[in-house]
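Secondary and tertiary structure notes
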Amino acid sequence: MRILYMFAMLSIVLLSSCDNKYEPKSPDDAETINSGKLTIYVDESLEGVIDSTFKMYEKDYPNVELTVNYADSRNVMAQLLGAKTRVAVNTRDYLDDELKQMEKFEVKNHKRFPIAYDALVFFANKDFPIDTLNANDIENAISDGSSLSDNTENLNFEPTYATLDQNSSVFSNFSKYMKYKDTLRKKVELFGDIEQLKKQVESNNSIIGVAYLSHLINDDRFKMIELGFTVDSTKEYISPKPVHQGYIVQDLYPYKVTYWGYLLEERQDLPFWFVTYLAKQTIAQQHFLNEGIVPAFAQIKLKYEE
């Protein structure tokens, strides 16, 4: 069954006052909500899907001098926690060690906005012998070393796994969902970037790769494995579904991840309005929808066609 979107996007008016503080100025002048200088740090895993929204912002607000730095997820969060950036766009929550450091130095949780929703997906090359798996079986195989091949009659070998390295948000989300243990690092091969990971999966039909939906959605060299899973709160079993934004928005896929816009400051200033643009402006949210992921702020209706 194919899913088509019929939707009405939410829009906001960013600049509705004619007060002087809203008048655009030179980037070198005092900052307003639509002019000034802003440096941001962004999870490098998102570059392919999010970079266009920064160009949209620059076109709409030419009096903002925007500097975008892409870095691994660890470094992005370090810049925020060290008060070296006013905006961080990251695809994960705080890690345990970051929370401990925040507690030690009495740093409060930063205000943040959801920008879009992606998914952690399991993918393989076209010769991988199966198309569906049970998410709980994968979690057990990763976490306690049980055999995945014992749980499917069409898999006569024990697959290995590959994902991005420890500093990436992909690895952090993978670890969170899989209850990843250090003793099982030998089961998961780590790569420095998505193209290296894809090359390894493409060349070996016994490897399951782990990445984001946005990394795979337009790459027909691979198949994304459909996952059945049991809902923890209700114990309801959800049968495998295609890895698609329509099922993510209905919570019928087990591994949803959030693009977060973190703010250093707790006030409505230039960084606040920049993140608000990504999270709520129609053109930016439409872009995420067109990229095959889920915009965070939209009224979405689904139409099913046979």
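Scroll up a little and you will see the structure.
Our subject in this report is the structure included herewith. (Residues numbered from 1 in each chain as written. Predicted model: local features only at pLDDT ≥ 70, side-chain atom pairs only at ≥ 80, totals over all residues. Heavy atoms only, no water.)

Comments concerning the layout of surface pockets
The volume enclosed by the second largest pocket comes to roughly 230 Å³. Broken down by secondary-structure element, the contributors of at least two residues to the lining of the second largest pocket are helix 4 (135-144), helix 5 (169-178) and strand 11 (226-230). When residues in the lining of the second largest pocket are grouped by element, the largest group, three residues, is from helix 4. Of the residues in the lining of the second largest pocket, the class split is six nonpolar, two polar and four charged. (1 Å grid on protein atoms, 1.4 Å probe; cavity = no way out; pocket = protein on both sides within 12 Å on 5 of 7 lines; lining within 4 Å. Points joined across faces, edges and corners; volume = space filled by probe spheres on them. Helix = DSSP H or I, 4+ residues; strand = E, 2+ residues; numbered from the N terminus. Nonpolar A, V, L, I, M, F, W, Y, C, P; charged D, E, K, R; others polar.)

Looking at the side chain of asparagine 134
Position of asparagine 134 relative to the elements: it lies in strand 6 (residues 132-134). At 2.7 Å, the side chain of asparagine 134 forms a polar contact with the backbone nitrogen of asparagine 136. Among all residues touching asparagine 134, those that are not within four sequence positions of it are Gly228 and Tyr237. (Polar contact = N/O pair within 3.5 Å; in protein donor to acceptor, adjacent residues only side chain to side chain. Contact = heavy atoms within 4.5 Å.)

Here we look at the nonpolar core
Core analysis: the biggest nonpolar cluster contains 47 residues, and Leu120, Phe122, Ile138, Phe174, Leu197, Leu227 and Tyr255 have the highest contact counts within it. Sort the elements by how many residues they give to this core and strand 5 (residues 112-125) lands first, with six residues. Look past the residues within four positions of leucine 120 in its chain and what remains in contact with it is Val170, Asn173, Phe174, Tyr177, Val210, Ala211, Tyr212, Tyr253, Tyr255 and Val257. Counting 31 residues, the second largest nonpolar core, distinct from the first, contains Leu38, Ile50, Ala116 and Leu278. (Core = buried A, V, L, I, M, F, W, Y, C linked by side-chain atoms within 4.5 Å. Buried < 20%, exposed > 50% of the residue type's maximum accessible area, 1.4 Å probe, protein only.)

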